[in-house]
Amino acid sequence: MPTTMDHGAGAGKAEATTTSLQHLNDDMVAEILLRLPSASVFRCRAVCRAWRGITSSPGFVAAYARRRPLELIVSGYSFASCVDGGLLLLERFMHGDVSLYLVCNPVSRQCVIVPLHSKRMTRPCALYVHRPSGEHRLLLLTNDDECYGWGKWASHYVRSLEAAETRRLQGPAVTGIYMCDRMVIHSLEHRGRLHWLDDHPEAKATGTVLVFDTVSETFRRMARPPPLRNGNGNDHGEIEGGGELSLCLLEMDGMLAVAAILGGSMDVWVLQDYDNDETWAHRHRVDCLPPPFVQTRWVINANTGQHKNNNNDVIIVLQDSSGSWVGLYDLSNKRLLKQIQVISDPREDGQIFFCHTHLNALLFRDTIQRHSFFDLRKSIFQFPDSDYSNFLKSLICNL
């Protein structure tokens, strides 16, 4: 009798445990899974069909994306990001002026090769989401002609990753690509349009802001702030200091903005009326950036509320010219909030490589969304473990 009673008690506990798991409704399971890291959610999809259905539903994917923090990725690789899509566009150097371009999901470790449509020099300009169709698209720039590694004229092409098709955009030819030009890294998406400064050959050659409407697929040139339309603007008396001028695009209070860094100082202009490029207004002036950011290489939006004291504070990310430090800077109150050492001082550790490497930084938000173009097996690329490990050595910081 005692043995029977013990067996019955054990069975009751097992039955209670099983029943409690079975009676968790989908909403309760979803609330639990929403709190897991992305890699864990991918593993949970393999547990059972029910969990796979929950974590693959559009509602869950959207809710999960809203909870994910923006991260700052800093790397010596040439790469661009699609913040909303959770994807990276990576340039892998092969030999000479030949590069392989990959679209990657760093969470699922899926990569797909971007097949190039021409043997002439081609450089990606941006990876973006086409809002009307939901497609992930690449904007490409390809030389129309070449002579000794130099293209006089070039044309833009759009490639849909889902449709696996590339087509030439209508419009006049633009400034061509030189063989030493690398992938266009920095673009700013604002009001459904992509914007470039000197990273794009056409914007650099014309001294304008190049704008691409991702819906109508048309380009236009926008005038820069008046002090920046002729050289570094010193003749206008508004930008002072020596050294190399760095120009960066930002978004500020819902407006397009341009930051100019020269000689340890920074000026920021905002475009008050987006449809009128004569409405640039000077918004901020920093006379002396704090060390180690006196020589700043680039500036990007932080787009985070975590470090804000009020809604009027403007937070940006800086990187020093040596590539050793990145920092969060409160532009409104002119104070450094946080600085992060990306690499140790190259002079101390003998890291000669980093002395000549421009580190790139982008904002990124990971995703658990499934992308059909990763299912095209013929174009799947598998990173060797060593290469992928090196790529993941990029510094990722929660903002």
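Nothing here was measured: the structure is a model prediction, and the numbers come from that model. (Residues numbered from 1 in each chain as written. Predicted model: local features only at pLDDT ≥ 70, side-chain atom pairs only at ≥ 80, totals over all residues. Heavy atoms only, no water.)

**With respect to the packing of aromatic side chains**
Given two aromatic rings, one states the distance between the centres and the angle between the planes to describe the pair. Within the structure shown, the criterion is met by four aromatic pairs. Measuring from centroid to centroid gives 6.1 Å for Phe60 and Tyr64, while their planes differ by 20°, and the two rings are stacked. In this pair, Phe60 and Tyr64 are both assigned in helix α5 (residues 58-67), four residues apart and thus about one turn of the helix distant. The pair formed by Phe60 and Tyr64 is uniform in burial state, with each residue classed as buried. Ring geometry for Phe212 against Phe219: centres 4.7 Å apart, planes inclined by 35°, an arrangement best described as tilted. Take Phe212: its relative accessible area is 0%, and that puts it in the buried class. Taken together, Tyr128, Phe212 and Phe219 form an aromatic cluster joined through their ring pairs. The positively charged end of Arg220 is found above the aromatic ring belonging to Tyr274, 5.4 Å away from the centroid. (Phe/Tyr/Trp six-rings, centres within 6.5 Å; stacked < 30°, edge-to-face > 60°. Helix = DSSP H or I, 4+ residues; strand = E, 2+ residues; numbered from the N terminus. Buried < 20%, exposed > 50% of the residue type's maximum accessible area, 1.4 Å probe, protein only. Lys NZ or Arg CZ within 6 Å of the ring centre and 35° of its normal.)

**Section: the environment of Val211**
Summarising the element assignment, Val211 is placed in strand β13 (residues 209-213). Taking the relative accessible area as the measure of exposure, Val211 reaches 2% and is therefore buried. With ten residues separating them along the chain, Val211 and Arg221 place their C-alpha atoms 6.1 Å apart. Beyond its immediate chain neighbours, meaning those up to four positions away, Val211 contacts Arg193, Leu194, His195, Thr218, Phe219, Arg220, Met222 and Tyr274. (Contact = heavy atoms within 4.5 Å.)

**What about the sheet that holds strand β11 (residues 188-190)?**
One open sheet holds the four strands; their spatial order is β11-β12-β13-β14, and the pairing between them is antiparallel. Since the sheet does not close on itself, it has two edges, and those belong to β11 and β14 (218-222), each with one partner. Ignoring strand direction, the axes of neighbouring strands in this sheet form an average angle of 30°. Two strands pair when backbone bridges link them, and β11 and strand β12 (residues 193-196) are joined in this way by three bridges, in the antiparallel orientation. Counted as the bridge partner of Leu188 is His195 from β12. (Pairing = 2+ DSSP bridges. Axes fitted to C-alpha atoms, helices over the stretch in contact; angles between N-to-C directions.)

**Some remarks on the packing of helix α2 (residues 26-33) against helix α4 (residues 49-56)**
Helices that pack against each other are described as a pair by the angle of their axes relative to one another and the distance between those axes. The geometry of α2 relative to α4 is characterised by a closest axis approach of 10 Å and an angle of 65° between their N-to-C directions. Viewed along their axes, α2 and α4 adopt a mutual orientation that is roughly perpendicular. Pair α2 / α4 crosses with right-handed handedness. Contacts from Asp26, Val29, Ala30 and Leu33 in α2 reach Trp51, Ile54 and Thr55 in α4. Of the residues that constitute the contact of α2 with α4, the class distribution is five nonpolar, one polar and one charged. (Parallel < 35°, antiparallel > 145°, perpendicular 65-115°, else oblique. Left-handed = near helix turned anticlockwise from the far one by under 90°. Nonpolar A, V, L, I, M, F, W, Y, C, P; charged D, E, K, R; others polar.)

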